[in-house]
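One-letter residues, chain by chain:
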Amino acid sequence: MTDLRHHGDVDARPGLEDFAVNVRGSAPPAWLREHLVDALDRIGTYPSTEDDRAARRAVAARHGRGADEVLVLAGAAEGFALLPALGPAKAALVHPSFTEPEVALRQAGVPVHHVMLDAADGYALRPELVPGDADLVVLGNPTNPTSVLHPAATIRELVRDGRTLVVDEAFMDAVPGEPETLTGERLPGLLVLRSLTKTWALPGLRAGYALGDPDLLGRLAAHRPHWPVGTLVLAAVEACASPIAVAAAGAAATETARHRANLAQALAGLPGVEVHQPAAGPFLLLRVREGERVREGLRRRGIAVRRGDTFPGLTADHLRVAVRDAARTALLVAALRSELTTEVST
Ligand SMILES: Cc1ncc(COP(=O)(O)O)c(C=O)c1O
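I will try to describe carefully the structure that is included in this document. Residue numbers run consecutively from 1 along every chain, following the written order of its sequence. Totals for whole chains, interfaces and linings use every residue, but because this is a predicted model, local features are given only for residues with pLDDT of at least 70 and side-chain atom pairs only at 80 or more, for both listing and counting. To obtain the side-chain values, all non-hydrogen atoms of the structure were used and water was disregarded.

Details of the sheet that holds strand β6 (residues 164-168)
One requirement defines pairing of two strands: DSSP has to find at least two bridges between them. Secondary structure is summarised from DSSP: a helix means a run of H or I of at least four residues, a strand means a run of E of at least two, and numbering begins at the N terminus for each. In spatial order, the strands read β2-β8-β7-β6-β5-β3-β4; together these seven strands make up an open sheet with mixed pairing. If you trace the sheet from one side to the other, it starts and ends with β2 (70-73) and β4 (112-116), each paired once. Pairwise comparison of adjacent strand axes, ignoring direction, gives a mean angle of 20° for this sheet. Relative to β4, strand β3 (residues 91-95) runs parallel, the two being bridged by five bridges. Its bridge partner being in β4, H95 is matched across the sheet by M116. Throughout, a residue-residue contact means that at least one pair of heavy atoms, one from each residue, lies within 4.5 Å. To define axes, lines are fitted to C-alpha atoms, for helices over the stretch in contact only, and angles between the resulting N-to-C directions are given on a 0 to 180 degree scale. Together, β3, β4 and β5 (136-140) form the strand contacts of helix α5 (residues 100-107), whose direction differs from that of β4 by roughly 155°. Strands β2 and β8 (208-212) of the sheet are contacted by helix α8 (residues 231-240), whose axis makes an angle of about 125° with β2.

Let's talk about the packing of helix α3 (residues 49-63) against α8
Orientation of α3 relative to α8, taken along the N-to-C sense of each, is 25°, at an axis distance of 8 Å. In this view, α3 runs roughly parallel relative to α8, as classed from their interaxial angle. The chirality of how α3 crosses α8 is left-handed. Contacts between α3 and α8 involve D51, D52, A54, A55, A58 and V59 from the first element and T231, L234, V237 and E238 from the second. For classification purposes, angles smaller than 35 degrees are called roughly parallel, those larger than 145 roughly antiparallel, those between 65 and 115 roughly perpendicular, and all remaining angles oblique. Handedness of a crossing is defined here by the sense of rotation of the near helix relative to the far one, left-handed for an anticlockwise turn of less than a right angle and right-handed for a clockwise turn.

What to know about helix α2 (residues 30-39)
Residues of α2 that are buried: L32, L36 and A39. The buried side chains of α2 occupy one side of the element, clustering within an arc of 55° when seen end-on. Seen from the buried face of α2, the exposed residues on the opposite side, beyond 90 degrees, are A30, R33 and E34. Buried residues along α2 sit against α8. The buried label applies to any residue whose accessible area, calculated with a 1.4 Å probe on protein chains only, is under 20% of its type's maximum; exposed applies above 50%, and partly exposed to all values in between. Taking the helix axis as origin, the arc is that swept by the directions to the C-beta atoms.

A short note on unusual backbone geometry
Residue P145 is reached from N144 by a cis peptide bond, and omega for that bond is 15°. The amide bond that connects Q277 to the next residue, P278, takes the cis arrangement and shows omega of 0°. Among the secondary structure elements, P278 is positioned in the loop between β9 (273-275) and β10 (283-288). Residue S147 is not a glycine yet carries a positive backbone phi of 70°. Structurally, S147 is set in the loop between β5 and α6 (152-156). A positive phi angle, near 50°, is found at W227, a position not held by glycine. Exposure remark for W227: the relative accessible area of 42% places this residue in the partly exposed category.

As structure tokens, then:
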């Protein structure tokens, strides 16, 4: 049985050059850190409704929505954990994909159906594969780990009466211009999840949000505790939705796309490495012969990559690597080349 709870942070042991975790950089930028430090002055009181409203208003302005269409979350992961509150009878999960939604739903006893996309057609989303009676559908866009960006038009085909359609856009802010985002759309049952974790290097804070119809958000949040997110989370969500922050994220996305193209080109020049393309996320999915041996070899050379076999539909020959700057890319490519050459000469 696949270990659905496996995450890249398990692969990234201390001391290794980390290509396993998809967080950009190792700490939030100075302006955001200062903003969080300032917010510490407000943790002597309970999180205020003013801070919550300010965060929701900022997010609403960023995505062209109303503040009542925003729910601030303790990371996108909390959004998955809340899905059982909707009482789904049958969940269709589009794979290969991030497994946390599946863990949350299975733990709550929700019947789960895998919609398996096919590498042969580039893991294209095929709405006809989603069972008509699924009242909950979950997919990632762009998808972790394939880095595939599905067209918004194809995702829209999945909207049905009585169905909640969850689009996990945790990595969408890493896509320049976010061409396929559904954040601005009011479609029945659509729930879009966003994360601050990756772009702003905030995995330890737990900050994200959901966008959707106010009734849907209300049902989702029905059993949350009082003060479900802290003052620092609200401060971060407000700050990261500001026009300056959004512009900075856009510039970072453009830079990431450049680094990704360099990485893909360098990897494609190695013997026996297939790079899944086109790719839109801040990571690439690779297929390498004897992937497990190669991953272990890379680790001995000081490099951590994310194993692929814990994603439904992938194998031990699949590895996911985070996009990094040119210097770190060179380290990965050199180590992989040595590892593959060792294989040939032994
Ligand atoms: C595709 C995807 N969605 C959601 C999450 C969770 O994001 P957050 O840190 O906001 O909970 C992750 C984290 O790895 C992810 O890879």
